[in-house]
Amino acid sequence: MAWRFIAQRALPETVIDWDVPLSLSSNPRRDLSGPGSLTGTIEPEYARLIGPDGNPMIQEWGTKLYLEIDGYLRWGGIVTKTSYEGAKATIAAEGFSCYPHGIPYEDHMISGQLITPKDPYAGKDRNHDGWIDGNKGVQRTPPPPKPYGGPRIDVYDAFRNIWNHVQSRPYGNIGLVIDGHDLGEKLGAADGSDPWELAWWDNPDCGQILDTLTRTTPFDWTETHAWSGGGNAISHRLTLGRPRLGRKRRDLRFAGDENIVAIARPEGMGDDFANEAVVLGKGEGRKMARAQVHRYDGRLRRVATLADKTLSSAVALTARGQRELAGRTQALQIPSIQVVDHPNARLGAWQLGDDIRVQVHVPWVGDVDVWHRILTDEISADGISTLTLKRSDAFHY
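Now for a quick tour of the structure.

**Some remarks on the packing of aromatic side chains**
Now for step 1: Tallied over the entire structure, the rule returns eight aromatic pairs.
Now for step 2: Judged by centre distance (6.2 Å) and plane angle (80°), the ring pair of Trp-3 and Phe-5 falls under edge-to-face.
Now for step 3: Under the relative-accessibility criterion, Phe-5 is labelled buried at 2%.
Now for step 4: When the centroid spacing of 5.5 Å and the interplanar angle of 80° are considered together, the rings of Trp-200 and Trp-201 count as edge-to-face.
Now for step 5: One aromatic cluster is present, built from ring pairs that chain together Tyr-156, Phe-159 and Phe-219.

Here is the structure:
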């Protein structure tokens, strides 16, 4: 398995080292709807640490780093932290999608704004007798026009608008292309009763807003990097799922004594178990929006209480409670597995978000055969991949 790290200037994207001698401290990890990360060291100091442009090859927020395995880019990120101790350099990198965190939103965007039309007859009944002045007995004063909800923005359009804002600023274009389709769900209430607004004067953080959109809508996204155009160019893409990414992989097999070489200790929900959820939404005191949902299954009642001040409608609050219970009422799950490259499932055959069937023998439990969803993957230099999992039936879409 041919394995190398490639270093590239962040701006402009020019390759400055084709084989960075990086020793991993933590394996390159990809996350579903997250940036992923890696850490490593370079020791001892070597001359190539200075790039051909005379600048240090490894710079915080100035160097992009990629892992190539057998000609395919399996991971990409930005160096975010460095430290030095003697001849040893320690490097931390995160996926491109970490970049908006700490970047302020400096514009204004609103969806579902309450619009109150101007009343054309305002001030034309100064004596308040119900008739237009000068037309008593002829023309009554009509009621004012009713307020209504203004244009609404699709969730994915808002997501893209924030990313476009980040990358449109000087020295801010990291080259990430965002999928162009819509989710089909719009922000804010249709009647204008609960507009969604993002305003520069509130000093919002772009990364936090993107995370909130992902969590509360919800939807999936993944970050990928690939060779482009037959040369040394690299493309970067953020793939958006509608409503989720991944598929049920009946074509792959993950089984003990075949391609699974280790499993994390199976676990139940423990203190996280709940079969009832109380969701507290927008508002204060007695006027606070609230929903209560349950999935009673013969076990004692256990309640999870959560607050989400972005929600106000009963439908949204109930859906949030259902999603919470979906992850709290399940039985045994395998938190992670380690697999080797095998005809059952070749390296890179799966995608983040895929549902895979895990078949293992667990002492005290017996044979476990349960569908799990891939949330993260890590690959080590010896070819072993670690997949972080969660039961597929814990997801509610």
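After presenting the structure, the write-up continues.
**What about unusual backbone geometry?**
Now for step 1: Leu-11 connects to Pro-12 through a cis peptide bond whose omega is -10°.
Now for step 2: Here Pro-12 shows up in the loop between strand E1 (3–9) and strand E2 (15–17).
Now for step 3: Going from Thr-217 to Pro-218, the amide bond is cis rather than trans, its omega being -20°.
Now for step 4: Checked against the element boundaries, Pro-218 lands in the loop between helix H2 (206–216) and strand E13 (221–228).
Now for step 5: In the Ramachandran plot, Tyr-171 falls in the positive-phi region, its phi being about 60° despite a non-glycine side chain.
Now for step 6: Phi is positive for Asp-257, which is not a glycine, with a value near 65°.

Rules used in this analysis
Residues numbered from 1 in each chain as written. Predicted model: local features only at pLDDT ≥ 70, side-chain atom pairs only at ≥ 80, totals over all residues. Heavy atoms only, no water. Phe/Tyr/Trp six-rings, centres within 6.5 Å; stacked < 30°, edge-to-face > 60°. Buried < 20%, exposed > 50% of the residue type's maximum accessible area, 1.4 Å probe, protein only. Helix = DSSP H or I, 4+ residues; strand = E, 2+ residues; numbered from the N terminus.

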